[in-house]
Amino acid sequence: MLNTFQLDTVHHSEMIDITANIEAWIHQKGIKNGIVVVSSLHTTAGITVNENADPDVKRDMLMRLDEVYPWEHPKDRHMEGNTASHLKVSTVGHQQTLIISNGKLQLGTWQGVYFCEFDGPRRNRKYIVKIIEG
């Protein structure tokens, strides 16, 4: 089973919790056990799993990624000027694989799945979710 989800981003860099969307689709499909793969369809937006209890974690992560990969660097040559966003996605990753057991994503108490925008704001960002039952 494969589904494409769409969202709009409103900030240059942001982390959007997509856990509930994934869980709702798993529930809707009646999946009890399996693997789910969540993948961004963009070279400047990634997918990660991290803490979803304290919003400062997202702020701190984005701040630290900006420190490591500043938006402007005098040696960058990519003509679109968004080299930093490509580096951030390569660091965070474009995809995550998760376990479904008893109809639920197997995440830790404080974990959530995030769509990470690094070159926004953008309309019609997409990520796909693939469920492999079993």
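Here we summarise the structure given alongside this text. Here the residue index of a chain counts from 1 through its sequence in written order. Two thresholds apply to this predicted model, a pLDDT of at least 70 for residue-level local features and 80 or more for giving and counting side-chain atom pairs, whereas whole-chain, interface and lining totals are computed over all residues. The side-chain quantities take in all heavy atoms of the structure and omit both hydrogens and water.

## What about the sheet that holds strand β4 (residues 45–51)?
At step 1: Two strands make a pair as long as DSSP finds a minimum of two bridges between them. Helix and strand assignments come from DSSP, with helices taken as H or I runs of at least 4 residues and strands as E runs of at least 2, each series counted from the N terminus. Taken in spatial order, the three strands of this open sheet run β2-β7-β4, and their pairing is antiparallel. Each end of this open sheet is capped by a strand with a single partner; those strands are β2 (14–17) and β4. Each strand of the sheet is rotated relative to its neighbour by a mean of 35 degrees, with strand direction disregarded.
At step 2: Throughout, a residue-residue contact means that at least one pair of heavy atoms, one from each residue, lies within 4.5 Å. In this description, a line fitted to the C-alpha atoms serves as the axis of each element, helices being fitted only across the stretch in contact, and the angle between N-to-C directions of two axes falls anywhere from 0 to 180 degrees. Helix α2 (residues 55–68) contacts β2, β4 and β7 (111–117) of the sheet and is inclined by roughly 145 degrees relative to β2.

## Remarks on unusual backbone geometry
At step 1: Between G120 and P121 the backbone carries a cis peptide bond, its omega angle lying at -5 degrees.
At step 2: Structurally, P121 can be placed in the loop between β7 and β8 (125–133).
At step 3: Not every positive phi belongs to a glycine, and N102 is a case in point at roughly 55 degrees.
At step 4: Here N102 lies in the loop between β5 (95–101) and β6 (104–105).
At step 5: Look at N124: it is not a glycine, yet its phi comes out positive at around 60 degrees.
At step 6: As for its placement among the helices and strands, N124 is situated in the loop between β7 and β8.

## Comments concerning the side chain of Q96
At step 1: Within the secondary structure, Q96 sits in strand β5.
At step 2: Under this definition, polar contacts are N or O atom pairs within 3.5 Å; protein pairs additionally need one hydrogen-donor-capable and one acceptor-capable atom, and for neighbouring residues in sequence, both atoms have to be side-chain atoms. In terms of polar contacts, Q96 uses its side chain to reach the backbone carbonyl oxygen of I47, at 3.4 Å.
At step 3: The residues contacting Q96, other than those within four sequence positions of it, are V36, V37, V38, I47, T48 and V49.

So far we have only geometry, and geometry alone does not tell us how the molecule works.
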